[in-house]
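In case you want the letters, here they are:
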Amino acid sequence: MAAYREKLKSFGNVLNSDRIHMKQLRNICMHGCPHESGYRAISWKLLLQYLPLDRSEWEEQLTKQRKTYTNFIDETIVQPGTKKNDHPLSLNPESEWTTFFKDNEMLLQIDKDCRRLCPDFNFFQQAAEFPCQYLVMPDSGIETLRKRVENTALKSETVSKNWTGAFNMQKPKRKSSFNEYMNLSDGQEAHWEVVERMLFIYAKLNPGLAYVQGMNEIIGPLYYTFASNPNKNWREHAEADAFFCFTNLMAEIRDNFIKTLDDSDCGIGGMMNSLMAMIKTKDPHLSAHLTDNGMKPQFFAFRWLTLLLSQELPLPDLRIHRLHSYKEKLHPPLLTVCIM
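Residues numbered from 1 in each chain as written. Predicted model: local features only at pLDDT ≥ 70, side-chain atom pairs only at ≥ 80, totals over all residues. Heavy atoms only, no water.

1. Details of the layout of surface pockets
If a probe as big as a water molecule is rolled over the atoms, it shows which places are left empty. Looking at the second largest pocket, its volume works out to about 410 Å³. Lining the second largest pocket are 23 residues, and of these Phe130, Pro131, Glu236, His237 and Glu239 lie nearest its centre. Top contributing element to the lining of the second largest pocket by residue count: helix α4 (residues 58-76), with 4 residues. Residue composition of the lining of the second largest pocket, by class: 12 nonpolar, 4 polar and 7 charged. (1 Å grid on protein atoms, 1.4 Å probe; cavity = no way out; pocket = protein on both sides within 12 Å on 5 of 7 lines; lining within 4 Å. Points joined across faces, edges and corners; volume = space filled by probe spheres on them. Helix = DSSP H or I, 4+ residues; strand = E, 2+ residues; numbered from the N terminus. Nonpolar A, V, L, I, M, F, W, Y, C, P; charged D, E, K, R; others polar.)

2. Some remarks on the environment of Asp139
With respect to the helices, strands and loops of the structure, Asp139 is situated in the loop between α6 (133-136) and α7 (145-152). A relative accessible area of 69% means that Asp139 is categorised as exposed. (Buried < 20%, exposed > 50% of the residue type's maximum accessible area, 1.4 Å probe, protein only.)

3. What about the environment of Met215?
Tracing the backbone shows Met215 in helix α9 (residues 215-227). Spatially, the C-alpha atoms of Met215 and Phe246 are 9.2 Å apart, while their sequence positions differ by 31 residues.

4. Some thoughts on helix α8 (residues 191-205)
Under the 1.5 Å per step criterion, the end-to-end length of α8 is 22 Å for 15 residues, consistent within 8% with the ideal 21 Å. The buried fraction of α8 amounts to 13 of the 15 residues, a majority that puts the element mostly inside the structure. (Expected span 1.5 Å × (residues − 1).)

5. Some words on empty space enclosed by the protein
Within this structure, the stated rule accounts for 2 cavities of 30 Å³ or more. In this model, the largest cavity occupies a volume close to 60 Å³. Within the residue set of the lining of the largest cavity, elements represented by two or more residues are α7 and α8. With 3 residues, α8 is the largest single contributor of residues to the lining of the largest cavity. Looking at the lining of the largest cavity, its residues break down into 3 nonpolar, 1 polar and 5 charged.

Right, here's the structure in full:
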């Protein structure tokens, strides 16, 4: 207990300084970031270069970024029909409806992945403490992404003929996945819906990469850590803060999600080759055992490296700071952790 109090004191000294000493922060993060006093959330924001090292610049930076995120919501969650003479059958590539229908294909996959995010950890199915009010209120006039998906999914029915020759329409008995989780009242949204919105906005702002399965497993721990911060003022802006931290993190690991780079040195194939080379150097017997049994890195390392071990270390114990505490570059320490 005394050692833990000493750790809290060390974090307080580093994080409450007028200017954060990054080397000191990395050193103390090596042994874990405590959740108390929001130290873990602040440390992640510093390690992911979202917060400047000078504390006097935090307020200006946070105000600017959070306002920017609000603008992203306004610009990317498009409600078609606002333009004059625009209609769903328009062939004009500039039509809002064209963009709307194209986005729906991607949104269906994001929605599916976010609904099942960390199924054994019910945080993401609970109501968010600070929902996006002007989107979720009944009189907002804006369709939320969840409702947009539910309205997009086709409702199938089976046509059958009875003994009189009359046709009957029968709905399938299989339970819809949309009803798997608790129903929230108007004005509320679940945490997974917040994650869905962040991923949708990221995909819209990064069309070259868009959304790839697995991104939900990376942004989830970031958002959870920020949304459970003991400080209410920080929790209120967890969505915007998590979005920009995720964006900064993806800037470093995005090559792992680009299929055309899979077999290149900078893609996921190159990382798996590097991991196997490290195993061969550190543990020749293990390397030989894997080779003899046909255990290719695709069977185990692919998920480790693309998802940053997020599925191997369950929430709330997942520790991204352990990867960023070694060096500024993420890939070398990630490989080191994988062979430990």
